[in-house]
Amino acid sequence: QEVDGIHVGAMVTQERFRHAVSGYPGFEALNVGMQHIGHPQTRSTGTVSGSIAHADPSAELPLLLQVYRGSLDVLGPSGTREIEARDFFLFPYTTILEPEELLVSTRWPVPLPGIGSAFREFTRRRGDFALVAVACQLRVAQDRRIEDGVLGAAGVAGTPVIVDVPSDLKGRVLSGEAIDYWLTTLEPLLDPPDDLEASSALRRRLVRALVREAVMEAGHRSRGVGDDSIR
């Protein structure tokens, strides 16, 4: 752990990391999201960096690293460089890593006080890759007005799709209407597959349902905004 975040080395397993952040306020989405990765046996051997470098578009950790506004340390012949998570993923299973570069660590900023987070996922069976996964960070004031936030989804495009709270939504009361407006900034980025697992239309419907649940829960965790205040 560093002053402004958690520095996770390349060999840290997913379960070890999940246990380390389980008590941190603001890391609820990370803790819950990692419980959806495979099964206990796979989480006990699979590494955080390995999952992120693999860049599966349905995987939980690439989505979560971006929602938490994290970054990555990469080592190559020219030395070490830090890459913002939102710049790292290019296509399914493809990142901006050069052939001679290695991902050596990830950096997870500690959420500021008052930030709530939430994670939702839909799968056919527990432990499967997500048909759709959604994660959210949100900070609201005591009067329920939106101050800041990040929203993302996985399984709906070649890489996780991430959007910040629109500037014209800041200062508005958190409500169902506000969530729907936030969704309009996410939906143009969606390109969900139409395959044997689920139709593209179903995945789009799942995004809408899961986003609403995740944002409501994150709002509840931020400053104690109750679900009954969100219509």
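The model shown is predicted, which means the values in this text are computed figures rather than measured ones.

A. Representation of the environment of Asp-87 in the model. Within the fold, Asp-87 resides in the loop between strand E3 (79-84) and strand E4 (89-91). Residue class for Asp-87 comes out partly exposed when judged on its relative accessible area of 47%. When the C-alpha positions of Asp-87 and Gln-66 are compared, they lie 9.3 Å apart, and in sequence the two are 21 residues distant.

B. The arrangement of helix H5 (residues 60-67) in detail. Counting buried positions along H5 gives eight out of eight residues, so the element sits mostly inside the fold. Listing the buried residues of H5 in full gives Glu-60, Leu-61, Pro-62, Leu-63, Leu-64, Leu-65, Gln-66 and Val-67. Immediately beyond the C-terminal end of H5, within one or two residues, lies Arg-69, with a positive phi of roughly 55 degrees.

C. The arrangement of the sheet that holds E3 in detail. Spatially, E1-E6-E2-E3 is the arrangement adopted by the four strands of the open sheet, whose pairing is antiparallel. In this open sheet, the two edge strands, each paired with only one partner strand, are strand E1 (5-9) and E3. In this sheet, adjacent strand axes meet at a mean angle of 25 degrees when their direction is disregarded. Inspection of the sheet shows E1 paired to strand E6 (residues 102-109) by five bridges, in the antiparallel sense.

D. Representation of the nonpolar core in the model. Core analysis: the largest hydrophobic core is formed by 34 residues, its most contacted members being Phe-17, Leu-30, Ile-52, Leu-61, Leu-63, Leu-64 and Trp-108. It is H5 that contributes the most residues to this core, five residues altogether. Setting aside residues no more than four positions away along its own chain, Leu-64 makes contact with Ala-29, Leu-30, Gly-33, Met-34, Trp-108, Phe-119 and Ala-135. Ala-118, Cys-136, Ala-153 and Val-211 belong to the second-largest nonpolar core, a separate cluster that totals 30 residues.

E. View of the pattern of salt bridges. The final tally for this structure, using the stated rule, is 18 salt bridges. Where Arg-43 meets Glu-15, a salt bridge forms, and the shortest distance between an N and an O atom there is 3.3 Å. Of this pair, Arg-43 sits in helix H3 (residues 40-43) while Glu-15 sits in helix H1 (residues 14-21), and the two are 28 residues apart along the sequence. Classification of Glu-15 by relative accessible area gives partly exposed; the value is 22%. Among the salt bridges present, the one from Arg-81 reaches Glu-101, with a minimum N-O distance of 2.8 Å. Of this pair, Arg-81 sits in strand E3 while Glu-101 sits in the loop between strand E5 (94-95) and E6; the two residues are 20 residues apart in sequence, bridging distant segments of the chain. Looking at Arg-81, the relative accessible area reads 33%, which means it is partly exposed. The class of Glu-101 is buried, set by a relative accessible area of 13%. Connected via shared salt-bridge partners are Arg-69, Arg-86, Asp-148 and Asp-164.

Rules behind the numbers
Residues numbered from 1 in each chain as written. Predicted model: local features only at pLDDT ≥ 70, side-chain atom pairs only at ≥ 80, totals over all residues. Heavy atoms only, no water. Helix = DSSP H or I, 4+ residues; strand = E, 2+ residues; numbered from the N terminus. Buried < 20%, exposed > 50% of the residue type's maximum accessible area, 1.4 Å probe, protein only. Pairing = 2+ DSSP bridges. Axes fitted to C-alpha atoms, helices over the stretch in contact; angles between N-to-C directions. Core = buried A, V, L, I, M, F, W, Y, C linked by side-chain atoms within 4.5 Å. Contact = heavy atoms within 4.5 Å. Salt bridge = Lys/Arg side-chain N within 4 Å of Asp/Glu carboxyl O.

In short, geometric facts, not functional conclusions.
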